[in-house]
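Spelled out, the chains give:
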Amino acid sequence: MEASLKIVPYTNADRVLFGNYRLKQGQELLTAMPLTAIEQCEIDKDRHPFMLLWDLELAGFFVLHKGKGVMEYHNNQNAVLLRAYSIEESFQGMGIAGKMLKILPDFVKDCYPFADELILAVNTENKAAQHVYEKAGFLDRGLRTVGKTGIQLILHKEI
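1. A look at the environment of Trp 54
Right, on to step 1. Considering the arrangement of structural elements, one finds Trp 54 in strand S2 (residues 47-54).
Right, on to step 2. Trp 54 sits in the buried class, given a relative accessible area of 10%.
Right, on to step 3. When residues no more than four places from it in sequence are discounted, the contact partners of Trp 54 are Ala 3, Ser 4, Leu 5, Ala 59, Phe 91, Met 94, Ile 96 and Lys 99.

Structure, rendered in structure tokens:
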């Protein structure tokens, strides 16, 4: 039987699951670690944390950000920003990132019926992530921003 991927909202009871959450060396420079991102969600109520479960094991994490925070990257008020996206080290290389990005548009529409676009920022040096995003249908329309480690591409996907 094939493993299943589920997106579930993070709750405070889930905090303990992140005690052993690891990324490959260097990846922590390219994305926020889950507990750090969760702290930001507690401050900014337009940020909503989610977990990826692969056969009920914590395999990944991301935040969906709506509202004013999106406007820092793009002028579409109906866009939702994917941020702090990561796959836990032991689950990398299994195709989970791509599978999540395929189910994400429908998930976002269920959570945010107003949404008509997904956006994300990815570092220019992070070619592996860019490939996964492009394969999932995200497009580079030429927008750029400067992140904590340099220039980032703003990628778009209509939903």
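2. A look at the pattern of salt bridges
Right, on to step 1. Inspection of the entire model under this criterion finds six salt bridges.
Right, on to step 2. One salt bridge connects Lys 66 with Asp 46, and the closest N-O pair in it is separated by 3.4 Å. Of this pair, Lys 66 sits in the loop between strand S3 (57-65) and strand S4 (79-87) while Asp 46 sits in the loop between helix H1 (34-43) and S2; the two residues are 20 residues apart in sequence, bridging distant segments of the chain.
Right, on to step 3. Accessibility expressed as a relative area gives 26% for Asp 46, which makes it partly exposed.
Right, on to step 4. We note a salt bridge from Arg 144 to Asp 140, for which the minimum N-O separation is 2.9 Å.

3. Quick look at the environment of Lys 68
Right, on to step 1. Mapped onto the secondary structure, Lys 68 falls in the loop between S3 and S4.
Right, on to step 2. Residue Lys 68 is classed as exposed on the basis of its relative accessible area of 72%.
Right, on to step 3. Taking the C-alpha atoms as reference points, Lys 68 and Asp 46, 22 residues apart in sequence, are found 8.1 Å from one another.

4. Side note on the pairing of strand S7 (residues 150-158)
Right, on to step 1. Bridge count for strand S5 (residues 117-123) against S7 is seven bridges, and the pairing is antiparallel. When the sheet's bridge partners are listed, Val 122 is paired in S7 with Leu 153.
Right, on to step 2. Summarising the sheet, strand S6 (residues 139-147) and S7 pair through six bridges and their orientation is antiparallel. Within the sheet, the bridge partner assigned to Leu 139 lies in S7 and is His 156.
Right, on to step 3. Here S6 folds back onto S7 in antiparallel fashion, the turn holding two residues.

5. A short note on the packing of aromatic side chains
Right, on to step 1. Taken as a whole and assessed by the stated rule, the structure comprises nine aromatic pairs.
Right, on to step 2. A centroid spacing of 6.3 Å and a plane angle of 85° characterise the contact between Phe 62 and Tyr 85, whose relative ring orientation is edge-to-face. Here the residue Phe 62 occupies a position in strand S3, and Tyr 85 occupies one in strand S4, the gap between them amounting to 23 residues. This pair shows no difference in class: Phe 62 is buried, exactly as Tyr 85 is.
Right, on to step 3. Put simply, the rings of Phe 50, Phe 62, Tyr 85, Phe 107, Tyr 133 and Phe 138 touch in pairs and so form one group of aromatic residues.

6. Quick look at the nonpolar core
Right, on to step 1. Judged by nonpolar contacts, the single largest core of 30 residues is most densely connected at Phe 62, Met 100 and Leu 104.
Right, on to step 2. Secondary structure elements with two or more residues in this core: strand S1 (5-9), S2, S3, S4, helix H2 (96-111), S5, helix H3 (127-135) and S7.
Right, on to step 3. With six residues, H2 is the largest single contributor of residues to this core.
Right, on to step 4. Discounting residues that sit within four places of it in the chain, Leu 104 has contacts with Ile 7, Phe 62, Leu 82 and Leu 118.
Right, on to step 5. Counting residues in each nonpolar core, the second largest holds 14 residues, with Phe 18, Tyr 21, Ala 37 and Ile 38 among its members.

7. Quick look at the side chain of Glu 117
Right, on to step 1. Here Glu 117 is to be found in strand S5.
Right, on to step 2. A polar side-chain atom of Glu 117 sits 2.9 Å from a polar atom in the side chain of His 74.
Right, on to step 3. In this structure Glu 117 touches His 74, Asn 76, Asn 78, Ala 79, Val 80, Arg 141, His 156, Lys 157, Glu 158 and Ile 159, once residues within four positions along its chain are discounted.

Rules of the game
Residues numbered from 1 in each chain as written. Predicted model: local features only at pLDDT ≥ 70, side-chain atom pairs only at ≥ 80, totals over all residues. Heavy atoms only, no water. Helix = DSSP H or I, 4+ residues; strand = E, 2+ residues; numbered from the N terminus. Buried < 20%, exposed > 50% of the residue type's maximum accessible area, 1.4 Å probe, protein only. Contact = heavy atoms within 4.5 Å. Salt bridge = Lys/Arg side-chain N within 4 Å of Asp/Glu carboxyl O. Pairing = 2+ DSSP bridges. Phe/Tyr/Trp six-rings, centres within 6.5 Å; stacked < 30°, edge-to-face > 60°. Core = buried A, V, L, I, M, F, W, Y, C linked by side-chain atoms within 4.5 Å. Polar contact = N/O pair within 3.5 Å; in protein donor to acceptor, adjacent residues only side chain to side chain.

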